[in-house]
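# Tertiary structure, described
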4 protein chains.
Amino acid sequence: MSVPAPRIRLGMIGGGEDAFIGAVHRIAARLDDRYEFVAGALSSSAEKSIRSGLALGLPRERSYPDYPAMIAGEAKRADGVEAVAIVTPNHVHVPAAQACLAAGLHVICDKPLAVSLAEARGLAAAAAGSGRIFAVTYNYTGYPMVRHARAMVAAGEIGRVRVVQVEYAQDWLSTRLEESGQKQAAWRTDPARSGPAGALGDIGTHAFNLAEFVSGERVVSVACDLQATVPGRQLDDNAQMLLRFRRGARGGLWASQVAVGRENGLCLRVYGETAGLEWRQEEPNSLRVSRLGEAPRVVTRASAAARPEAARVTRLPGGHPEGYLEAFATIYSEVARAIVAHKAGAALPSDVSFPDIGEGMRGMAFIEAAIRSGRSDARWTEIES
Amino acid sequence: MSVPAPRIRLGMIGGGEDAFIGAVHRIAARLDDRYEFVAGALSSSAEKSIRSGLALGLPRERSYPDYPAMIAGEAKRADGVEAVAIVTPNHVHVPAAQACLAAGLHVICDKPLAVSLAEARGLAAAAAGSGRIFAVTYNYTGYPMVRHARAMVAAGEIGRVRVVQVEYAQDWLSTRLEESGQKQAAWRTDPARSGPAGALGDIGTHAFNLAEFVSGERVVSVACDLQATVPGRQLDDNAQMLLRFRRGARGGLWASQVAVGRENGLCLRVYGETAGLEWRQEEPNSLRVSRLGEAPRVVTRASAAARPEAARVTRLPGGHPEGYLEAFATIYSEVARAIVAHKAGAALPSDVSFPDIGEGMRGMAFIEAAIRSGRSDARWTEIES
Amino acid sequence: MSVPAPRIRLGMIGGGEDAFIGAVHRIAARLDDRYEFVAGALSSSAEKSIRSGLALGLPRERSYPDYPAMIAGEAKRADGVEAVAIVTPNHVHVPAAQACLAAGLHVICDKPLAVSLAEARGLAAAAAGSGRIFAVTYNYTGYPMVRHARAMVAAGEIGRVRVVQVEYAQDWLSTRLEESGQKQAAWRTDPARSGPAGALGDIGTHAFNLAEFVSGERVVSVACDLQATVPGRQLDDNAQMLLRFRRGARGGLWASQVAVGRENGLCLRVYGETAGLEWRQEEPNSLRVSRLGEAPRVVTRASAAARPEAARVTRLPGGHPEGYLEAFATIYSEVARAIVAHKAGAALPSDVSFPDIGEGMRGMAFIEAAIRSGRSDARWTEIES
Amino acid sequence: MSVPAPRIRLGMIGGGEDAFIGAVHRIAARLDDRYEFVAGALSSSAEKSIRSGLALGLPRERSYPDYPAMIAGEAKRADGVEAVAIVTPNHVHVPAAQACLAAGLHVICDKPLAVSLAEARGLAAAAAGSGRIFAVTYNYTGYPMVRHARAMVAAGEIGRVRVVQVEYAQDWLSTRLEESGQKQAAWRTDPARSGPAGALGDIGTHAFNLAEFVSGERVVSVACDLQATVPGRQLDDNAQMLLRFRRGARGGLWASQVAVGRENGLCLRVYGETAGLEWRQEEPNSLRVSRLGEAPRVVTRASAAARPEAARVTRLPGGHPEGYLEAFATIYSEVARAIVAHKAGAALPSDVSFPDIGEGMRGMAFIEAAIRSGRSDARWTEIES
């Protein structure tokens, strides 16, 4: 008789009042009942941090004013946090993660991992040295049909990959929203908090990650045209680029936050010698699979046609739509499996899959290459591996 | 500073091993963090019931062999359950709910409410007498765009309703799955456990409920053609019917579990004098709104065009799809608001909305009218109100 | 070396100024270059008739004041018309067709064929006696993917048919357009010109025809709820009905001209034991084909997956959309093949397929059954065969 | 009373047996009854040319062995051709067009206009000198919703254009079809007949033209990655590029003939400051129009929301799909209006719109810039204007 593993005690840095992604992480952690949210340092303002913790039902003594206090306070408790979710603006990711690792905590960090590749490398070294689990929430890899697509490519079902088209189009920054006091817009368009990349870092990295995740191919170089479309904006809000992959595939990537009428239009298309795959995040429960010379098929999550890699990370029968939170929860639950194995001193389960610090580093390398290319008139620029 | 209400202690009857809907209820209860699942009588077999509870992490003493034991055991605890979810086959709904009400517990019961209208009436009387909250999980009413649609109709934005087309098409019973040992199919096609209705009760009631919920109109009579399409099946697996509404609207309803290629195709279309609304459960984040003489609009959840009634029950920005679990969770969270108010001796919040026992009774009245009509060669048959 | 058959000389009755369908017939006849439009009696007003003919480039002597004059005039010419298209309001169909047949002309007649079944029967007898080709423009049967669907069913690829859902929803009569002077609306809502059926005859017959054409099954009885939704309208503008087919299949039919937001929403779904087929007229170049246990496929016109029955009546490669006119032209071109064979004294080509007077009679029998059922409170009413 | 203009006498060069586009041109010319096809030199083989003419119903004396013979023969006739459609492989376009112009004939020439920009310039000079009408069949500009989109942009309804994404994806050259004897594939992949561009010329030029047509903006430079994906192929079958527009807009263009599962996927998206437009050729009857802060609208051809620029070039009511042939016919009919005006010595009607030799030249300049960029490692390369 299987007894479930006890829930992992989770702390959170960032994600208090006015934040969007903090609530997402908390629901994602809760959805499959693998975590218990027990402590937080939820804002860069001590007062707001404590207030946010209380508002979320944390006891006063675990509603910390800042993350050093949280790490110190929890370390003293027998029931202290085991893992920490870092959901701050980008510039805090690395110092907070370094502190967590130093305290022996597992880390689940939002993307982009850092504000520079050099900073990310330092963190990666620390993570490797710590032996702790380190996940980066490229959450779109949690969608079952994304995993189905990846598995098809890996199994050779589309032949050699020839062309990869990926795009991520939004419209929420079509105006200078950052001047309205909207917090999400304010930090994302501020180089001091977001780092050198705007849309490129916020959504371009997701697109890049998805393209590599599904195609199983590494992008070796990019030719990138970056633009701050909205007058007065400091960071890019639109990026177009050409991609070259290691084994010869070519691609295009478009990331935009000024595409009026697009809400969260992440879309991936991968064409191989013998089949093509098309997936849209806004209709995530199906994947269009076209084999050469056959009628395209609409493969749905949890149907008889879904592969085990998809079926394993789905909760509901076909036609009962799962969405963004479920995919995000899958990342959390996969990390939980890894942490449980770690605690038991066991090897990671062979099928566990979540984006790790290596993927976080790839994202930073991509950002830096794209920016360098953008500054050199879209010259082909290698992505450091 | 708002302090969140403490989580409601939830017990569950049914929903153990092999069940589908039990897990759904548990996730739905957990998603918004308004409930704590603390006790269960999860199967009609005592052994399986206890085993299921343990497997879900319940302590042994709250993994009960049957629901009378659970109700008795919890009543003795200071931290006993406050509400119970009933997710058994249909024939157990009423006795279990009666027992819960008698013990002063709030009830969240799956649909159809009962195996007969008479039985449902008895329960309704008990519920009224108890003063407890009683919800019936017509979960599709939890979708934000369904609420948007209902609010539009209620606000007069489509004019007088003329035509309502609703359908719910699945294909999972296209073969005699019930003979394969599949538990879900087995009880749903067995009159002893499902009651007199097959597809009609399982999904037809959802379609009926959705049509009334959105249109704001009562169906007064039905002309129904019922069929057990698959040879040897005892209960209907396909139902077609004509609908007449109180204020003159006409409609069609189709419920089928033999529509090969349809997974969970619940679809509602409401046409008024000045606008038409179309919604599909499998793409639940948008609603097609067509005003006379204008181009149809695709209104999405959480967009600027979404009404407050939709925005209030959504968690994510537009383009980040929510799905079945989120809608289900909304029902649970609305019930939680009602229970919290009840505990405080306060009136229900004016905007709280969940399907109650009245809607559960409507469903039973619909089933009985449809069956009577089906037996009389589709003669128009009134729905008892 | 093949020399093409000379073009068939075509006359037209009705279809002058302000008409919609006359222009459609003329383009359809011209598209594949199998006809030459040479004479017309294009309106019930002599002056308008002549003016319309001249405006279309007919010479004055072949722009006739009325159809008896046309038939008489053309009979005197060595190069007189061989076939006549009848595109008048419904009440003129039969007298005009009778006159054409009596003059030895082939007839292409719009639907519904007549204003009563009795009238249609008289015409059918005349047509049979004449030995001439008689087509009724149930034009939707000209779509390649409709033919693909029919061929699949006929080949047993979906197993025994269980359920047929067909609908035809428009919104152009959502208001009393007939009072605005709009000619199309005026005659269609006038019993004196349209006959006893409104939407039922105008579009319901198309839906009925399509259901029988694709399913290969005869509808034996209907239970119909007919309604004039818009106050003051004399004929039905909304019809809902249940269908029973000869070999046991059940169905639903909905025809409406008050479904706000629907332009020309003809949609057919046929579910058999082993597969389901779904087709939408507004996206006519594809057919959704779902086999039990497999992912649904989107079969497109002119793709490798298209059957010969579809490929034979298509003109363009896949992805180059064909539309309404092309499907209509296919009916004309099939009739042309029949006329050419007739002229040669040869048998009809075995694969020629167009809706004939038998289908026209079925449509009238359907209308009368539906109206009788509607008048008897939706009692099941047999369709006379 | 309006009398229609007499039909224009049309000859054709190319387009005989085995050709695809010849038949399209003939149907397009015939559809609106503005042309009469009277003479042809339909193949580069004299025998095949004559045979093809006879098979199409041309008299023997107007079924010419080659185009010089046709031009000479027709010049001697009082009823000789007035306009010629040139539908040969690319390398014949310019010499044939030169000969037609020299004979005083109007020309409708397929795209790409030439095999080099220099050659195109010579032709443009000849055309200008001749005073004759010269059209290039960028046929996708004939779609009503494309014209609607262009008119919206021109009217300032989307604000300043920021981003243009255009793609044209097919899969028919995913294998070495050119080795199978398929004639269309053979010449398109042969530099001697196709010129220096493969997919770039065949479909990339359409995408480029569409982007400029709708956006009203000139592309000033491209950074292009060209690839012959299929081993052994001499010309590109996949092209990705970045675009910069004169007034600052940025864009991406992807043209591919190896995108497995795509039939004729031409898709344009234009995002301005205040609205976004999206159009797909495979569903051409609608345009998605999203205004900032409003729900996206699906504007359909011939609906009340369609602009006059769309309504003017449509034949059918909404919901009755028009397709590729109708759009192509619109180009022909617009050219007919121009020729009629020319014959009358009148000015062109102010609203007449068809792609002219200037657009043909733009296409050649685009091809050459893209190839130069491709050869210089995707360096930004100016398009000569």
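Residues numbered from 1 in each chain as written. Chains lettered and ligands numbered in written order. Predicted model: local features only at pLDDT ≥ 70, side-chain atom pairs only at ≥ 80, totals over all residues. Heavy atoms only, no water.

### Some details on the interface of chain A and chain D
In this complex, chain A contributes 46 residues to the contact, which on the side of chain D involves 46 residues. A combined buried area of about 3,600 Å² lies between chain A and chain D, and 49% of that area is made up of carbon and sulfur atoms. The shortest N-O distance in the salt bridge between A:Arg244 and D:Asp225 comes to 2.6 Å. Those elements that provide at least two residues to the side of chain A that touches chain D are strand E6 (161-169), strand E7 (219-227), strand E8 (238-245), strand E9 (250-256), strand E10 (265-272), strand E11 (275-280) and strand E12 (286-291) of chain A. Of the residues contributing to the side of chain A that touches chain D, the split by class is 17 nonpolar, 15 polar and 14 charged. (Contact = heavy atoms within 4.5 Å. Buried area = accessible area lost by both parts, 1.4 Å probe. Salt bridge = Lys/Arg side-chain N within 4 Å of Asp/Glu carboxyl O. Helix = DSSP H or I, 4+ residues; strand = E, 2+ residues; numbered from the N terminus. Nonpolar A, V, L, I, M, F, W, Y, C, P; charged D, E, K, R; others polar.)

### Things to note about helix H9 (residues 199-215) of chain C
Residue and element names in this part refer to chain C. In this model H9 runs 23 Å from its N-terminal to its C-terminal C-alpha over 17 residues, within 8% of the 24 Å that 1.5 Å per residue would give. The largest bend along H9 measures about 35° and falls at Thr 205. The buried fraction of H9 amounts to 17 of the 17 residues, a majority that puts the element mostly inside the structure. Backbone geometry just downstream of H9 places Gly 216 in the positive-phi region, at approximately 70°. (Expected span 1.5 Å × (residues − 1). Bend = angle between axes of the 7 residues up to and from the residue. Buried < 20%, exposed > 50% of the residue type's maximum accessible area, 1.4 Å probe, protein only.)

### Topic: the relation of the copies chain B and chain D
Least-squares fitting of chain B to chain D yields an RMSD of 0.0 Å, with the superposition described by an axial translation of 0.0 Å and a rotation of 180°. The superposition of one copy onto the other is thereby described by a two-fold rotation axis. Relative to the rotation axis, the closest C-alpha in chain B is found at B:Arg297, a distance of 2.1 Å. Mapped onto chain D, 100% of the interface residues of chain B again fall at the interface, so both copies present the same surface. (Least-squares fit on C-alpha atoms with pLDDT ≥ 70 in both.)

### Digging into the packing of aromatic side chains
One pass over the full model with this rule turns up 36 aromatic pairs over all chains. Both rings, one in B:Tyr143 and one in B:Trp279, keep their centres 5.2 Å apart while their planes meet at 55°; by these two values the pair is tilted. Placement of the pair is B:Tyr143 in the loop between strand E5 (134-136) and helix H6 (144-154) and B:Trp279 in strand E11 (residues 275-280), with a sequence separation of 136 residues. Across this residue pair, the class does not change: B:Tyr143 and B:Trp279 are buried. An aromatic cluster of three or more residues is present, and its members are A:Tyr35, A:Tyr140, A:Tyr143, A:Tyr168, A:Trp279, A:Tyr324, A:Phe328 and A:Tyr332. Positioned above the aromatic ring of A:Phe213, the side-chain terminus of A:Arg150 is 4.3 Å from the ring centre. (Phe/Tyr/Trp six-rings, centres within 6.5 Å; stacked < 30°, edge-to-face > 60°. Lys NZ or Arg CZ within 6 Å of the ring centre and 35° of its normal.)

### Section: the relation of the copies chain A and chain D
Of the two same-sequence chains, chain A is brought onto chain D (RMSD 0.0 Å, axial shift 0.0 Å) by a rotation of 180°. Counting the interface residues of chain A, we find that 100% of their copies in chain D are interface residues as well, pointing to one common contact surface.

### A look at the environment of A:Gln182
All names here are of chain A. Secondary-structure assignment places Gln 182 in the loop between E6 and helix H7 (183-188). Through-space distance from the C-alpha of Gln 182 to that of Asp 18 is 8.8 Å; in sequence the pair is 164 residues apart. Setting aside residues no more than four positions away along its own chain, Gln 182 makes contact with Trp 172 and Leu 177.

### A look at the domain arrangement of chain A
Residue and element names in this part refer to chain A. When cut into domains, chain A gives domain 1 (8-139 + 338-354) and domain 2 (144-316 + 361-382). Between the C-alpha centres of domain 1 and domain 2 there is a distance of 26 Å. Each partner contributes to the interface: domain 1 provides 24 residues, whereas domain 2 provides 23 residues. Area buried by domain 1 at its contact with domain 2 is led by Lys 111, Leu 117 and Tyr 138, which between them contribute 27% of it. Linking domain 1 with domain 2 are three salt bridges, by the criterion used here. For Asp 202, the salt bridge identified is with Lys 111, shortest N-O distance 3.6 Å. Taken together, the elements giving at least two residues each to the side of domain 1 that touches domain 2 come down to helix H4 (90-102) and helix H5 (117-130). Looking at the side of domain 1 that touches domain 2 element by element, the count peaks at four residues for H5. (Domains from an automatic or database assignment.)

### Quick notes on the interface of chain B and chain D
Across the boundary between the two partners, chain B contributes eight residues, which contact eight residues of chain D. Carbon and sulfur atoms make up 62% of the area that chain B and chain D hide from each other, which totals about 710 Å². Three residues stand out in chain B for area buried against chain D, namely B:Ala295, B:Arg297 and B:Val298, and they jointly supply 58% of the buried area on that side. For the pair chain B and chain D, the interface holds zero salt bridges. Connecting chain B to chain D are two residue pairs in polar contact (both at pLDDT 80 or more). The class makeup of the residues in the side of chain B that touches chain D is six nonpolar, one polar and one charged. (Polar contact = N/O pair within 3.5 Å; in protein donor to acceptor, adjacent residues only side chain to side chain.)

### Brief notes about the nonpolar core
With 224 residues, the main nonpolar core has C:Tyr35, C:Phe134, C:Met241, D:Tyr35, D:Phe134 and D:Met241 as its most contacted residues. Ignoring any residue separated from it by four or fewer positions in sequence, one finds C:Met241 in contact with B:Leu242, C:Leu200, C:Val222, C:Ala223, C:Cys224, C:Gly251, C:Gly252, C:Leu253, C:Phe366 and C:Ala370. If you look at the next biggest cluster of nonpolar residues, it comprises 223 residues, including A:Ile203, A:Ala207, A:Leu268 and B:Val136. (Core = buried A, V, L, I, M, F, W, Y, C linked by side-chain atoms within 4.5 Å.)

### Some words on the sheet that holds strand E2 (residues 35-41) of chain A
Residues and elements named next belong to chain A. The five strands are arranged E2-E1-E3-E4-E5 in an open sheet whose pairing can be described as parallel. Both edges of this open sheet fall to E2 and strand E5 (134-136), since each of them pairs with a single strand only. Across the sheet, the mean angle separating the axes of adjacent strands is 20° when strand polarity is ignored. Pairing between strand E1 (residues 8-13) and E2: six bridges, direction parallel. Its bridge partner lying in E2, Met 12 is registered against Gly 40. (Pairing = 2+ DSSP bridges. Axes fitted to C-alpha atoms, helices over the stretch in contact; angles between N-to-C directions.)

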